[in-house]
Amino acid sequence: MSHLFNGGSMADFLNKILSLGDKIEVLSGDEEIEEGSYIYASDNFVVWSDDDGHINTSNLDNVTVRKI
């Protein structure tokens, strides 16, 4: 799967395909953690806000991020 990122990281890939405020779904396995808004990704984390306005960080090794 690393060939999808052209030598970059998952965080770099997310920053290319998502923009600030995009609606996303954060999943752990097949279970939805929550929906929210994309802020940015760095190192191995994604930063996003939930619908209550709380800022969250999720380790990209443990979650899937999907644009909705």
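The coordinates are above.
Residues numbered from 1 in each chain as written. Predicted model: local features only at pLDDT ≥ 70, side-chain atom pairs only at ≥ 80, totals over all residues. Heavy atoms only, no water.

**Regarding the pairing of strand S2 (residues 31-42)**
Looking along a regular strand, one sees the side chains alternate between the two faces of the sheet.
No. 1: Pairing of strand S1 (residues 23-28) with S2 involves six bridges; the strand directions are antiparallel. Paired with Lys23 across the two strands is Ser37, which belongs to S2.
No. 2: Between S1 and the antiparallel strand that follows it, S2, lie two residues; Gly29 among them carries a positive phi value of about 65°.
No. 3: Taken together, the six bridges between S2 and strand S3 (residues 45-50) define a ladder with antiparallel strand orientation. Bridge assignment links Ala41 to a residue of S3, and that residue is Val46. (Pairing = 2+ DSSP bridges. Helix = DSSP H or I, 4+ residues; strand = E, 2+ residues; numbered from the N terminus.)

**Some words on the nonpolar core**
No. 1: Membership of the largest hydrophobic core is limited to 12 residues, which are Ala11, Leu14, Leu18, Ile24, Val26, Tyr38, Ala41, Val46, Trp48, Leu60, Val63 and Val65.
No. 2: Taken together, the elements giving at least two residues each to this core come down to helix H1 (10-17), S1, S2 and S3.
No. 3: The residues touching Val65, leaving out its near neighbours within four places in the chain, are Leu14, Leu18, Ile24, Glu25, Val46 and Leu60. (Core = buried A, V, L, I, M, F, W, Y, C linked by side-chain atoms within 4.5 Å. Buried < 20%, exposed > 50% of the residue type's maximum accessible area, 1.4 Å probe, protein only. Contact = heavy atoms within 4.5 Å.)

**Some points on the pairing of S3**
No. 1: With five of its six residues buried, S3 lies for the most part within the structure.
No. 2: Between S2 and S3, which follow one another and run antiparallel, lie two residues, and Asp43 among them has a positive phi close to 50°.
No. 3: Two elements, S3 and strand S4 (residues 55-59), share five bridges in a ladder whose sense is antiparallel. Each residue of the ladder has a partner; that of Phe45, found in S4, is Asn59.
No. 4: Between S3 and S4, which follow one another and run antiparallel, lie four residues, and Gly53 among them has a positive phi close to 90°.

**With respect to the environment of Phe45**
No. 1: Following the sequence through the fold, Phe45 ends up in strand S3.
No. 2: For Phe45 and Leu60, which are 15 residues apart along the polypeptide, the C-alpha to C-alpha distance reads 5.3 Å.
No. 3: If sequence neighbours within four positions are ignored, Phe45 has contacts with Tyr40, Ser58, Asn59 and Leu60.

**Some thoughts on the side chain of Ser37**
No. 1: Of note, Ser37 is situated in strand S2.
No. 2: Owing to a relative accessible area of 19%, Ser37 belongs among the buried residues under this scheme.
No. 3: When sequence neighbours within four positions are dropped, the list of residues in contact with Ser37 reads Gly21, Asp22, Lys23, Ile24, Trp48 and Ser49.

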